[in-house]
Amino acid sequence: MRAAIIIFPGSNCDRDMMVALERITGRRPALIWHKETSIDPVDMMILPGGFSFGDYLRCGALAARSPAIEAVIDHASRGGAVLGVCNGFQILLETGLLPGTLVRNADLKFVCRETSLAVQKTTASLFTDGLQDGQVLTIPVAHNEGNYFAPEDQLAMLEDNGQIALRYTEGSHPGPANPNGAAHDIAGIISENGRVMGMMPHPERAIGDGHHSADGRIFLQAALEGVAQ
Amino acid sequence: MQVTINISLKEGVLDPEGRAVETSLQSLGFHEASNVRIGKQITLSIDAEDAARAQQRAARMCESLLTNTVIEDYSIEVIEDE
Amino acid sequence: MQVTINISLKEGVLDPEGRAVETSLQSLGFHEASNVRIGKQITLSIDAEDAARAQQRAARMCESLLTNTVIEDYSIEVIEDE
Amino acid sequence: MSEQTSHPSVPEMGFADAQSMGLSAEEWQLILKRLERTPNQCELGIFSAMWSEHCSYKSSRRWLKTLPTEGPQVIQGPGENAGVVDIGDGLATVFKIESHNHPSFIEPYQGAATGVGGILRDVFTMGARPVALLNALRFGAPENDKTKHLVSGVVAGIGGYGNCIGIPTVGGEVNFHASYNGNILVNAMAVGLAHSDRIFYSAATGAGNPVIYVGAKTGRDGIHGATMASTEFSDETESKRPTVQVGDPFTGKLLMEACLELMAADAVLSIQDMGAAGLTSSSVEMASKGGLGMEIDLDLVPVREDGMSAYEIMLSESQERMLMVIDPSQAEIARAIFDKWDLDFMPIGRVTETDRLVLLKDGGVACDIPLAPLVDDAPEYDRPYQADDTQPQLTTAELATDSSVSNVLKSLIATSDIASRRWVYEQYDSHVMADTMAGPGGDAALIRVHGTTKGLAMSTDCTPRYVEADPFEGGKQAVAESYRNLCATGAKPLAVTNNLNFGNPEKQNIMAQIVGSVNGMGEACRGLDTPVVSGNVSLYNETDGVAIQPCPVIGMVGVIDDVSQAVGIGVTQAGTSLFIVGQETSSDDGWLGCSLYARSIAGRDGGAPPPVTIAEEARNGTFIREQIALQHISACHDISDGGLVVAVAEMVMAGTKGATIQMPETATLHGWAFGEDQGRYIVAVQNPDGFSLAATAASVPVALLGTVTDGAELKCGNEAPISVSDLRTVNEAFLPDLMR
Ligand SMILES: Nc1ncnc2c1ncn2[C@@H]1O[C@H](COP(=O)(O)OP(=O)(O)O)[C@@H](O)[C@H]1O
Ligand SMILES: [Mg+2]
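Here we summarise the structure given alongside this text. (Residues numbered from 1 in each chain as written. Chains lettered and ligands numbered in written order. Predicted model: local features only at pLDDT ≥ 70, side-chain atom pairs only at ≥ 80, totals over all residues. Heavy atoms only, no water.)

A few points about the site of ligand 1
Residues and elements named next belong to chain D.
- Taken together, 18 residues form the shell around ligand 1, and within it Asn135, Gly172, Gly441, Gly442 and Asp461 come nearest.
- At 2.9 Å from an oxygen atom of ligand 1 is found a side-chain nitrogen or oxygen belonging to Asp461.
- Relative to its unbound accessible surface of 550 Å², ligand 1 loses 86% to contact with the protein.
- Element by element, the count of residues in the shell around ligand 1 is highest for strand 5 (residues 169-176), at four residues.
- Residue classes in the shell around ligand 1 are distributed as six nonpolar, seven polar and five charged. (Near = heavy atom within 4 Å. Polar contact = N/O pair within 3.5 Å; in protein donor to acceptor, adjacent residues only side chain to side chain. Areas by Shrake-Rupley, 256 points an atom, 1.4 Å probe, with all protein chains shown as cover. Helix = DSSP H or I, 4+ residues; strand = E, 2+ residues; numbered from the N terminus. Nonpolar A, V, L, I, M, F, W, Y, C, P; charged D, E, K, R; others polar.)

Shown next, in the form of structure tokens:
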């Protein structure tokens, strides 16, 4: 399993993701600077969390115009696996690899806390094939713009196509299940072919070893196995 | 050339910030305020031979970076230097 | 009455966002762009008897909530309903 | 333009100019004497900035010198950008706290954000990668008009910077008191990790070496911020609204990565961030520490605006800038690194042998002054002091009320002082970097140290009402409480940083607060073996002549050898026994004077605060750490604000179980339940007999308090049980209600 993490100026979860993947697979993923125009073939490309380009203009907007993104789009168009976490999700939406947009949290505040996520296995996807339908994962979020929005018809299409892979659900946190007001409680979506996924929660911050939860490891492990299939 | 680009959310697109501002205005006693929407205004200089060209380049900038055409509309104003 | 409020950073106040956007425009090949500054544009309806009154209320809203007068300037435009 | 271009003495400055820059008549005379001529505007500005309270510590220096600063663990004490402490394995922790009080009052978001940015630069300047942020915040009364706006701006600003740059904010404190209505406190602390043999210092080396400016461009931001931070506030200053500094965490992140990369490449000889007083303090400090001079061509400084004068360039407080002396043979490598990160990299001058600071502008000399007087001859005052009357010792009997313990508990945990801070800390990314083993909500925060089993523990603390009532005991208490917070997780406290927030030192009673609390702090740090390695002083925190409650904040850092053995405050194992550590069963007449109970329940402010016995703190803390290392303790919490029963309630709310506690049959039950006697902890233990024996052996008094139960209730003696979810609801309400 070869993975590459794309680093943009302002990315700040690149190292976290690298450490998590290394702990899970024993193998260090490649780190790719955003100015690279070609990327050696890998099984999965990961867009990490953070504040690429300071979140200026719109989250992910400036990163989505980086040279390395063309290689990511190329990889995806050949059916390669792509995972975007948090800011990485925002970037994927800006590139058009996934539909919709992420706007400011409904209460206009940054939110960092644990969330409970229900896995939805309504369509085949390498990201969810190894998980159970309805399985609840406890994984933290930390973002300012995680409020998923798409026009009604597009939301209906996402539902019909089974592209909603993770939904916020009731859990142990005292606050509301949905931390940001996202439409249809969407925490993560996949592309129609199930090979590109974007999610707001940070699995790399929940891999056990002293983290509050080890459910992020379960998620990443399943995704890595899914890619290897 | 001095160019102003106004970017607003398309109708029907959720504007949590606008909504929050409206609520705050109401609670401050500005009951006459409604339909608050928050957009962006970008100003920049564009080095171009004429206004039409500046307008055209600004539109290209909007399409390729400055706006998210899924949820945003834009309008451009060019002021010629004297 | 339809009111538009343009809010911009005072001159001399650092605009990191404008700078980042400018750099990005340059690297996308828009070399003619410079002095990019990013402000806000708020649109709202104000229920008022006349334009002067709407203008006055909008200014009050700016002073008490909409702008951060330490670092921002604002201007108001009122369009009367027909 | 001509004013700055020609000779240094044109235009001539007079005393009135000096005064407008915050200098006294004596200081003006001293400048004339040292210079043997009249300074020009730029030179005068440099003197005024360097001699401001903020840069020179002229009122506090005499007392700061009395603090203990040494120990085998100390690699670098006060005097550098941040303190450096050995944590073994070839690693060091680098940390400091700093205030941004005045800017945050004027523009809360940017003030707080730039405070965070500034303290981060202090830490990575030393060659350390920042790994955690903390803060200490004081706001006015909740009902004050401005409080809500200030809270929301400051919290958003702290988060805005820390979240974006990607350093977790893991702890802090927030309190509300009317004395901060017109003068809030925003103190930010950063903690970093470095290799202990790869620390970078600011002293310039090698005459002839290039001086390089890196980072963001210089604008007219916050000119004279350092002097502003040294004068009292009034409505007039508020309306003056100086150009505030705007933080750019994105550039901050690039600058941090570029500097760390450059340091790893061995190209940096000395480095200093441009903090308060910008290019002035950085150039003066680098040159004077190196015993050398510096010549800078101001025309080469990257600027954002046209027509900036020498004065403006030297005193600008634009953010995200650094000054470095580099090895000339490494210049190309250095430039390539800064190019990669899209940052300015500009040689602007050189180190000289002259002992002078020489600034060139527009082909002329804009400044030519000797460095020695700026630093060594900076005024130092021995200000007179006279303490306010000592507070009476209030008896438990005179503060007793009729309410049941359970009812008092419910009231106390709802008060602004004790209520949950969740609304605040959920706006901070507390686990970016993925090393946060314990974030906000417990006692100390814990950050794992990569490549080792270790964890860094850290906390910020101060109880201003104690300091106000008795500066000496209050100063001791701030240290002791931080110490307890660290010990409660199992970590060994190593050293402290402090931020002395006080009113106008020219008033004798304020000066007495400073002297008393520094003395108390010193005694505690000596006794607990936690030397002071860095710090900051913020004086003149007054509005229209009314001073804040004194707030000498302590930031403490320690280490736990095996972070997987750390314990939290939440009770998680039914059947474990709860003990009070540091208290005999018989001593049930607790100290209510100056407590939150006295203030919120009995309606009585003041009274002597609980005394702190440092030897007992050390003994109890050591015992707690040993028992945690032996894994005899499954939950631990120190007893502080609100006393014993509040501490138990916090353990239950943070955990997954309930508890039953026995209460003594005594006339002074409220003293027992809510007294704020120091040096105490509550622990949950598996083996009560073994624990008691160990305590006896260590001469630590302990008393059995109760049991952790499977139910979701807290039961105090024979009183009706309170459901844990009710406790949480009451405890969580204050901030969301206030901020709604
Ligand atoms: N401003 C803040 N930022 C981050 N965390 C905070 C802040 N204020 C309080 N906290 C966290 O809330 C918890 C309770 O704070 P506090 O009551 O001051 O604790 P203690 O009394 O143990 O010192 C601590 O974990 C603290 O770190
Ligand atoms: Mg504390």
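Let's talk about a negative patch on the surface
- A cluster of acidic residues, Asp47, Glu49, Asp50, Glu80 and Asp81 of chain B, forms a negative patch at the surface.
- Inspection of the secondary structure puts Asp81 of chain B in the segment after strand 3 (72-79). (Patch = residues over 30% accessible without salt bridge, like charges linked within 9 Å, V, L, I, M, F, W, Y side chains within 5 Å. Salt bridge = Lys/Arg side-chain N within 4 Å of Asp/Glu carboxyl O. Lys, Arg positive; Asp, Glu negative; His and termini not counted. Charge placed at Lys NZ, Arg CZ, Asp CG, Glu CD.)

Things to note about the side chain of Asp417 of chain D
Residues and elements named next belong to chain D.
- Relative to the helices and strands, Asp417 resides in the loop between helix 18 (405-412) and helix 19 (422-425).
- Its relative accessible area of 11% is what places Asp417 among the buried residues.
- Polar contacts involving the side chain of Asp417 include one to the side chain of Asn175, which spans 3.2 Å.
- Ignoring anything within four residues of it in the chain, the contact list for Asp417 reads Asn175, Leu596, Arg599 and Asp641. (Buried < 20%, exposed > 50% of the residue type's maximum accessible area, 1.4 Å probe, protein only. Contact = heavy atoms within 4.5 Å.)

Observations concerning the relation of the copies chain C and chain B
- Superposing chain C onto chain B takes a rotation of 180 degrees combined with a translation of 0.0 Å along the rotation axis, leaving an RMSD of 0.2 Å. Such a turn and shift between the copies fits a two-fold axis. In terms of proximity to the rotation axis, the leading residue of chain C is Lys40 of chain C, whose C-alpha is 2.2 Å off the axis.
- Both copies share a contact surface, since 100% of the interface residues of chain C are interface residues in chain B too. (Least-squares fit on C-alpha atoms with pLDDT ≥ 70 in both.)

Regarding the interface of chain A and chain D
- Contacts between chain A and chain D engage 30 residues on the former and 28 residues on the latter.
- Across the interface of chain A and chain D, roughly 2,300 Å² is buried in total on both sides, 57% from carbon and sulfur atoms.
- The largest share of the area that chain A buries against chain D comes from Arg15, Phe110 and Cys112 of chain A, three residues that together contribute 21% of it.
- The interface formed by chain A and chain D holds three salt bridges in total.
- Two residues, Arg205 of chain A and Asp429 of chain D, come together in a salt bridge whose shortest N-O distance is 2.8 Å.
- Our enumeration of links across chain A and chain D arrives at 13 residue pairs in polar contact (both at pLDDT 80 or more).
- Those elements giving two or more residues to the side of chain A that touches chain D turn out to be helix 1 (14-25), strand 6 (111-119) and strand 7 (136-143) of chain A.
- Top element by residues in the side of chain A that touches chain D is helix 1 of chain A. It accounts for four residues. (Buried area = accessible area lost by both parts, 1.4 Å probe.)

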